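Spelled out, the chains give:
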Amino acid sequence: MSRFDKKVAIVTGAASGIGKEIALRFAAEGGIPVIADLNLEAANATAAEIKAKGSDAFAVAMNVVDEAAVNKGVEDTMAKYGRIDILVSNAGIQIVKPIVDFDYADWKKLLAIHLDGAFLTTKACLKHMYAAKSGSVIYMGSVHSKEASKLKAPTSPPSTG
Ligand SMILES: NC(=O)c1ccc[n+]([C@@H]2O[C@H](COP(=O)([O-])OP(=O)(O)OC[C@H]3O[C@@H](n4cnc5c(N)ncnc54)[C@H](O)[C@@H]3O)[C@@H](O)[C@H]2O)c1
């Protein structure tokens, strides 16, 4: 029996990057990743890549800031597998600019994807985890939460070269 045998993990932003690698690894260890991404075409491609290796995977279109889309992705997962063991709230974007050039609209977009997205996906998954009396929620962070880096946060000072 594999480590994550038949466990179901919704991984947001799993069509590419770190989320995709999480999904591939989870599937390699026996789990079923749900590839939840804004980009459905890329999500389908990732799911196909996993299936080609003999594991199961499920792609869902999900903009993590759209409550209806989040709820639909979670309910479609429940309808297909009847369980959600893990949520990996990974979807995110980077906008790297000095604060004086940082548009307020970009600031709000960045916060929405990271914070509202984490809230909405957690809310939608938790009710099923509570019912099952089991579940894990994982939030993607960054080394830059702890370690300063030029322009990697809007509060960083402008680069002096
Ligand atoms: N790459 C890094 O060096 C790094 C470092 C620290 C933290 N992170 C964090 O790791 C996470 C993944 O980063 P990455 O480098 O793999 O990014 P990436 O750009 O390679 O992939 C992000 C994925 O999220 C999806 N996505 C974007 N907005 C979305 C939305 N609103 N709803 C659903 N999906 C959405 C994209 O379509 C894409 O598939 C992010 O939260 C990022 O902040 C990345």
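Here we summarise the structure given alongside this text. (Residues numbered from 1 in each chain as written. Predicted model: local features only at pLDDT ≥ 70, side-chain atom pairs only at ≥ 80, totals over all residues. Heavy atoms only, no water.)

### Examining the site of the ligand
Close contacts around the ligand come from 18 residues, with Ser16, Ile18, Asp37, Asn63 and Asn90 the closest. Backbone polar atom of valine 64 to a nitrogen atom of the ligand: 3.1 Å apart, as the coordinates give it. A distance of 2.7 Å separates an oxygen atom of the ligand from a polar backbone atom of asparagine 90. Across the complex, the protein chains shield 73% of the 830 Å² of accessible surface that the ligand would expose by itself. One can see that the ligand is located within the largest pocket. (Near = heavy atom within 4 Å. Polar contact = N/O pair within 3.5 Å; in protein donor to acceptor, adjacent residues only side chain to side chain. Areas by Shrake-Rupley, 256 points an atom, 1.4 Å probe, with all protein chains shown as cover. 1 Å grid on protein atoms, 1.4 Å probe; cavity = no way out; pocket = protein on both sides within 12 Å on 5 of 7 lines; lining within 4 Å. Sits in = over half its atoms within 2 Å of the grid points.)

### What to know about unusual backbone geometry
At lysine 6, a residue that is not glycine, the phi angle is positive and equals roughly 60°. A relative accessible area of 54% means that lysine 6 is categorised as exposed. Even without being a glycine, lysine 133 presents a positive backbone phi close to 55°. Considering the arrangement of structural elements, one finds lysine 133 in the loop between helix H4 (104-132) and strand E5 (136-139). By relative accessible area, which is 78% here, lysine 133 ends up exposed. (Buried < 20%, exposed > 50% of the residue type's maximum accessible area, 1.4 Å probe, protein only. Helix = DSSP H or I, 4+ residues; strand = E, 2+ residues; numbered from the N terminus.)

### Overview of the layout of surface pockets
A probe matching the size of a water molecule, rolled over the atoms, marks out where space remains unfilled. In this model, the largest pocket occupies a volume close to 1,200 Å³. Along its surface, the largest pocket is lined by 45 residues, and Ala91, Gly92, Ile93, Gln94 and His114 are the ones closest to its centre. The set of elements that each furnish at least two residues to the lining of the largest pocket consists of helix H1 (17-28), strand E2 (32-37) and H4. Per-element tally for the lining of the largest pocket: the top contributor is H4, with 11 residues. Residues of the lining of the largest pocket, tallied by class, amount to 24 nonpolar, 18 polar and three charged. Approximately 170 Å³ is the volume found for the second largest pocket. Among the elements of the structure, strand E1 (8-12), H1 and strand E4 (86-89) are those that each provide at least two residues to the lining of the second largest pocket. (Points joined across faces, edges and corners; volume = space filled by probe spheres on them. Nonpolar A, V, L, I, M, F, W, Y, C, P; charged D, E, K, R; others polar.)

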